[in-house]
Amino acid sequence: MSQSISAQTLLTREMLARRRPGYSLDAPFYLSDTLLKADMEHIFGKHWVFVAVEPQIPEPGDYITVDFGNHSILIVRDDDMQVQAFHNVCRHRGSRLCASHQGQVGNIVCPYHQWTYDLTGKLIHAKHMGADFDPTEMGLKTVHARSLAGLIFICLADEPPEDFEQMVAQMTPYLAPHRLDQCKVATMVDLVEDCNWKLTMENNRECYHCVTNHPELTVSMYEFGFGYTPDVQNAAEQQRFEDITTASHARWEGMGLPSKEIDVLDERITGFRTKRLPLDRLGQSQTMHTGVASKKLLGEFVDPALGGLSFWTQPNSWHHFMSDHIVSFSVLPISATKTLVRTIWCVHKDAVEGVDYKLEDLTAVWNATNAQDRRLVEESQIGIATGAYQPGPYSPYTEGLVEKFCNWYVKRLTALTL
Amino acid sequence: MSQSISAQTLLTREMLARRRPGYSLDAPFYLSDTLLKADMEHIFGKHWVFVAVEPQIPEPGDYITVDFGNHSILIVRDDDMQVQAFHNVCRHRGSRLCASHQGQVGNIVCPYHQWTYDLTGKLIHAKHMGADFDPTEMGLKTVHARSLAGLIFICLADEPPEDFEQMVAQMTPYLAPHRLDQCKVATMVDLVEDCNWKLTMENNRECYHCVTNHPELTVSMYEFGFGYTPDVQNAAEQQRFEDITTASHARWEGMGLPSKEIDVLDERITGFRTKRLPLDRLGQSQTMHTGVASKKLLGEFVDPALGGLSFWTQPNSWHHFMSDHIVSFSVLPISATKTLVRTIWCVHKDAVEGVDYKLEDLTAVWNATNAQDRRLVEESQIGIATGAYQPGPYSPYTEGLVEKFCNWYVKRLTALTL
Amino acid sequence: MSQSISAQTLLTREMLARRRPGYSLDAPFYLSDTLLKADMEHIFGKHWVFVAVEPQIPEPGDYITVDFGNHSILIVRDDDMQVQAFHNVCRHRGSRLCASHQGQVGNIVCPYHQWTYDLTGKLIHAKHMGADFDPTEMGLKTVHARSLAGLIFICLADEPPEDFEQMVAQMTPYLAPHRLDQCKVATMVDLVEDCNWKLTMENNRECYHCVTNHPELTVSMYEFGFGYTPDVQNAAEQQRFEDITTASHARWEGMGLPSKEIDVLDERITGFRTKRLPLDRLGQSQTMHTGVASKKLLGEFVDPALGGLSFWTQPNSWHHFMSDHIVSFSVLPISATKTLVRTIWCVHKDAVEGVDYKLEDLTAVWNATNAQDRRLVEESQIGIATGAYQPGPYSPYTEGLVEKFCNWYVKRLTALTL
């Protein structure tokens, strides 16, 4: 009855109680090692986390490792073509199994004493362990893994949130036409940002900062698609954007491409938002010229002007599915003040580099934008760390989705630390 | 009534209680993150701290940033030529405002969402914030700033110590003739020392180590001016130094230059010491040749042989005002075991580099001395960190001013943590 | 009666209580700063620790410094040729005395204020300290130091374990014929491994990993000498090794070289194990060609085929004494997750480099093996740090000596934290 409450839980509750709606979070949420542990335990430990795309492991035996917090997760395609996920740790004396970030194996062999596991995690070989040893108790520790139209999510909890199925049901019609399963990874870029992961996420959830800071991105992107609501200052432009959107949606829905907004960011445990958004000028792709980066269109597409289907998930990802390529972002905490931002560009698997697409052309916009965002979030981290910081007010017209991110975060953490 | 006492306060009190007069401080004062927090809160948070000289920001809109502990302070000259100091943090979402260490601005504009403050800290522009938003509540957080004859001190407390005025009254006659307001910064050098800030300060407060360690400094400097009292070992030399001092003081006072020692290092909250000290050989400047480094003398001076007016302040600075240049040192904690030592050399603003002075000549003595002191204090830090360290006795003849530094520190910290 | 128990002791006891015999230790033993402090206080603070060999300081005034945990120990040969050990810290204001890792001095002079100690640690000079100062109270803090046939052990405790004498009595006949006192250091290599020191030790205490990971070492070394017991999988090879050993022991004992195994690894406070082990092929030395690396044999040896006399000590060393050279390993914690592995190769002092031996030939096997082991223990550290790690079972046939290391460690820590 009188269970002792950990210092972590006490601090988490105290900070949650201070949360003032409409304002940014208190400094310890961005600074404290204790609160990062709470984030790892409750947010990254009990929700579906986006970590990879299926084209990273196309063949049986292909694996990648994904590290965040103090986890190292091994994601493998098994011989039945299923995606499997394991803790990347030998059951003998704890050695990391795979040190590379990607590779291909027949079985998973520990480098230390050659304990050998098959691709479903079963221990199939361990020398010198004697007659009393039961290998069936020494299989790899599994992690739940699911693919949503080629986007791989994992959940570390024993019992993952069930509403993942709702997201699958709602999102598959939007995502499936882009055929991520027929794609290959064109390139992947990792940035380590010196900030708390939530600053990276908050920055992603508003475009208040875009016009001044992102000259490349705003060539193709209308800032109004990213969480603006009409106010005196932008009423006319906003209306123009709404008109374009209405017309585009009619056209795209007519082609069988669901386009309307779904927003359950702060209503569901597995919160997400999606909308097919028009792009400016040629309207084809997030490139410097707004035309396609890859000539080989995805799936059955023939019309390149499909705008960008944007998909945001709590707690840690966003994606833009276009007619010619898909760009996916995952945000993974390294420590309270260090965060990995992984960007993956996928194109049709038959597209030939140098012929159908050029890497520089494909990646120019988001490499520039990521670098700019990195500076912004790192300056925020520095300012928040000074001690003079106090939570400030969000703009009701441009930072509504940041508020939803914070609401979701506060609500989930509250529910799990009661 | 029964307020809970923080772990920080308890440790601080425990360590203060162990202090043995005449002995160096206990190891945790130099090692503990908790005690560094106490230092930041009480010593650097509630006293006047020397941070800059006015020639660093000669024109309206000129700014510098000064970082110490977890503070980033923005120091600006406003349009009325007043020195203003602010916390360098946007009131919106906490971004650092100025990332550069120095620059010039019309207004202070946050790079993230362009919230704009004027040079008095008033928020004059913030887009998309709506009708309920009151910009007058969102001005920059101010910091007390005062100039003493061109030396800029700040105080982070709401109510700064009032005896700063006494220092101004006593010191202005000493400092003003050197006309720091008519100077420019010739150069500035930052050293990061791997030691606690108090070791840097203690090292500054004695010359017991000078003869063996500082061959360049002791060309012009008599070690006896820096806290020696007569004992058997140095009686004759000390007497000779006193005779020179008496004669020099008579000459300088006759020229209207106050020269006599004032020492309130451990009697006042705003503790300080000053004395105009003779220099050896040519007696003009702290250079390798003991002559002036800059031909353009300061203020109204015509006689270059004015020795060095030394000025030491608690907790963190010292200065040498000579006929041709002024050298100022500030000591700012970065962490419990890392300290910034900033050295600024000023010359007459009309002095021309390469014509009136050479940087190498101007800086040779203190660049060499700083490098030597850095090694000494870092070796102290290493030794103290070993655990075999225990406080040792100060020399009653050569380390009296170190004892005064420690007494002031212990007294102030005691008063503020009662 | 109601003494308060420190958080360190509580955590240590809690973790010790979790120990399951036959299984690797719980993760905090490899990760926690608190438990590293317990290791430093009780294991490295109260046992005999191997730190150096006498040939490192052949002449009076020769010194080395050995750093581990937060200790810096100065080891000096005094004018009477005795080995002295001191804390490397001045009694005045705590400066480290000797910053170099090795050197030669007449007296020990502090660089800060020239306090001067003789080679027995007596303070013989301190300027300006006045009449009340008693130099006899300000000698260097001594550390117990003992040489076992040229291997230098120190003990930081006031009252070192008395069973060191038993080790001396038993081991001297084994070691003395190799005449380490007539050797010189050919070379010394320091590796810093990113792991807890116990992982380095555990790795040393088994050869389950050798065949796959150490191609160079297993040219000369039979894995069966390193803790194998017969099981079905290796019965035949093990028997063959036993036959070779029996024959070799008869030959060596006949030459006056004690060879039989002594194993008191987990029975004594000063636990150790020794055995003269046959080497494969030429049987002479741990080289790539299994012949001697140095033509100048040690002591009075004429037959080079003496195998390798191996000597393992708790908590932190192992050694291989051969006919032509001696290789010694010490393991010293730097932090919970960082460990120094120091390897010293000694040859006859009259052996001439380039004539009698080549460094590359002498060091090839262990430089390669150390690099391989480093990777293994660092991968273990990474895996254990993930949080998915749980203690796994040791092989009863190949990891018995790892179990003895853990048993000794657990037993000693338990006894000292009761």
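Per an unreviewed UniProt entry, the recorded name for chain A is Rieske 2Fe-2S family protein, and the organism is Hydrogenophaga palleronii. Looking at chain A in UniProt, the text filed under Sequence similarities (unreviewed entry) is "Belongs to the bacterial ring-hydroxylating dioxygenase alpha subunit family." In its Cofactor (unreviewed entry) section, the UniProt entry covering chain A states "Fe cation".

This brings us to the relation of the copies chain C and chain B. Once turned by 120 degrees and shifted 0.0 Å along the axis, chain C lies on chain B with an RMSD of 0.0 Å. Taken together, the rotation angle and the small translation identify this as a three-fold axis. If distances are taken from each C-alpha of chain C to the rotation axis, the shortest is found for C:Ala7, at 8.3 Å.

Counted according to the given criterion, the structure contains 51 salt bridges over all chains. Via salt bridges that share partners, A:Glu14, A:Arg18 and A:Asp26 belong to a single interconnected network.

Note that B:His113 resides in the loop between β6 (108–109) and β7 (116–117). Reaching out from B:His113, the side chain makes a polar contact with the side chain of B:His92 at a distance of 3.3 Å.

Turning next to the side chain of C:Ser328. Residues and elements named next belong to chain C. Mapped onto the elements, Ser-328 comes out in strand β16 (residues 325–335). The exposure class of Ser-328 is buried, given its relative accessible area of 2%. A polar atom in the side chain of Ser-328 sits 2.7 Å from the side chain of His-319. With residues up to four places along the chain from it excluded, the contact list for Ser-328 reads Phe-50, Val-53, Leu-151, Trp-318, His-319, Arg-342, Thr-343 and Ile-344.

Glancing now at the domain arrangement of chain A. Residues and elements named next belong to chain A. Entries for chain A in the domain assignment read domain 1 (58–144) and domain 2 (161–417). Taking only C-alpha atoms into account, the centre of domain 1 sits 34 Å from that of domain 2. Opposite the five residues of domain 1 that make contact, domain 2 presents four residues. Across the domain 1/domain 2 interface, buried area totals approximately 340 Å², and carbon plus sulfur atoms make up 56% of it. The three residues of domain 1 that bury the most area against domain 2 are Val-66, Phe-68 and Gly-69, which together make up 69% of that side's buried surface. Across the contact surface, domain 1 and domain 2 share one residue pair in polar contact (both at pLDDT 80 or more). Its residues assigned to classes, the side of domain 1 that touches domain 2 shows two nonpolar, two polar and one charged.

Contacts between the two partners involve 35 residues from chain C and, on the opposite side, 25 residues from chain A. Counting the surface lost from both chain C and chain A, the interface buries some 2400 Å², and carbon and sulfur atoms represent 52% of this. Three residues, C:Tyr208, C:Glu379 and C:Thr386, lead the burial of chain C against chain A; their summed loss comes to 25% of the area buried on that side. Taken together, the connections running from chain C to chain A amount to three salt bridges. A salt bridge links C:Glu399 to A:Arg93, with the nearest nitrogen and oxygen atoms 2.7 Å apart.

Right, let's talk about the interface of chain C and chain B for a bit. Facing 25 residues of chain C, the contacting portion of chain B comprises 35 residues. Around 2400 Å² of area is buried between chain C and chain B when both sides are counted, 52% of it from carbon and sulfur atoms. Looking only at chain C, the three residues that lose the most surface to chain B are C:Arg93, C:Tyr112 and C:His128, adding up to 34% of its buried area. Between chain C and chain B we count three salt bridges in total.

Our focus in this paragraph is unusual backbone geometry. Residue and element names in this part refer to chain B. Cis peptide bonds are those with omega within 30 degrees of zero, and the linkage from Gln-314 to Pro-315 qualifies with 0 degrees. Mapped onto the fold, Pro-315 is located in the loop between β14 (308–313) and β15 (317–321). Here Arg-179, not a glycine, exhibits a phi torsion of approximately 50 degrees, which is positive. For Arg-179, a relative accessible area of 28% puts it in the partly exposed group.

Mapped onto the present numbering, the UniProt feature "domain: Rieske" (unreviewed entry) falls at residues 48–154 of chain A. Annotated as 0% helix and 42% strand, the span residues 48–154 of chain A places its first and last C-alpha atoms 5 Å apart.

Residues and elements named next belong to chain B. What the seven strands build is an open sheet, ordered β1-β10-β9-β4-β3-β2-β5; its pairing is antiparallel. The open sheet terminates on both sides in strands that have one partner only, identified here as β1 (49–53) and β5 (102–104). Each strand axis lies, on average, 30 degrees off the axis of its neighbour in the sheet, ignoring direction. Where strand β2 (residues 62–68) and strand β3 (residues 71–77) come together, six bridges link them in antiparallel fashion.

Turning next to the sheet that holds strand β7 (residues 116–117) of chain A. Within a sheet, neighbouring strands are paired by backbone hydrogen bonds and run either parallel or antiparallel to one another. Spatially, the three strands line up as an open sheet ordered β6-β7-β8 (chain A), and their pairing is antiparallel. Whereas interior strands pair on both sides, the edge strands pair on one side only; in this sheet they are β6 (108–109) and β8 (123–125) of chain A.

Moving on, we come to the pairing of strand β4 (residues 83–87) of chain C. Side-chain positions along a regular strand alternate between the two faces of the sheet. All names here are of chain C. Taken together, the five bridges between strand β3 (residues 71–77) and β4 define a ladder with antiparallel strand orientation. When the sheet's bridge partners are listed, Ile-73 is paired in β4 with His-87. Following β3, the chain reverses through five residues before pairing antiparallel with β4; Met-81 in that reversal takes a positive phi of roughly 70 degrees. The pairing of β4 with strand β9 (residues 142–148) spans two bridges and is antiparallel. Residue Phe-86 lies in a different strand from β9, and its bridge partner there is Thr-142.

Cut-off values and rules
Residues numbered from 1 in each chain as written. Chains lettered and ligands numbered in written order. Predicted model: local features only at pLDDT ≥ 70, side-chain atom pairs only at ≥ 80, totals over all residues. Heavy atoms only, no water. UniProt positions renumbered as here; feature names shortened; annotations may be inferred. Least-squares fit on C-alpha atoms with pLDDT ≥ 70 in both. Salt bridge = Lys/Arg side-chain N within 4 Å of Asp/Glu carboxyl O. Helix = DSSP H or I, 4+ residues; strand = E, 2+ residues; numbered from the N terminus. Polar contact = N/O pair within 3.5 Å; in protein donor to acceptor, adjacent residues only side chain to side chain. Buried < 20%, exposed > 50% of the residue type's maximum accessible area, 1.4 Å probe, protein only. Contact = heavy atoms within 4.5 Å. Domains from an automatic or database assignment. Buried area = accessible area lost by both parts, 1.4 Å probe. Nonpolar A, V, L, I, M, F, W, Y, C, P; charged D, E, K, R; others polar. Pairing = 2+ DSSP bridges. Axes fitted to C-alpha atoms, helices over the stretch in contact; angles between N-to-C directions.

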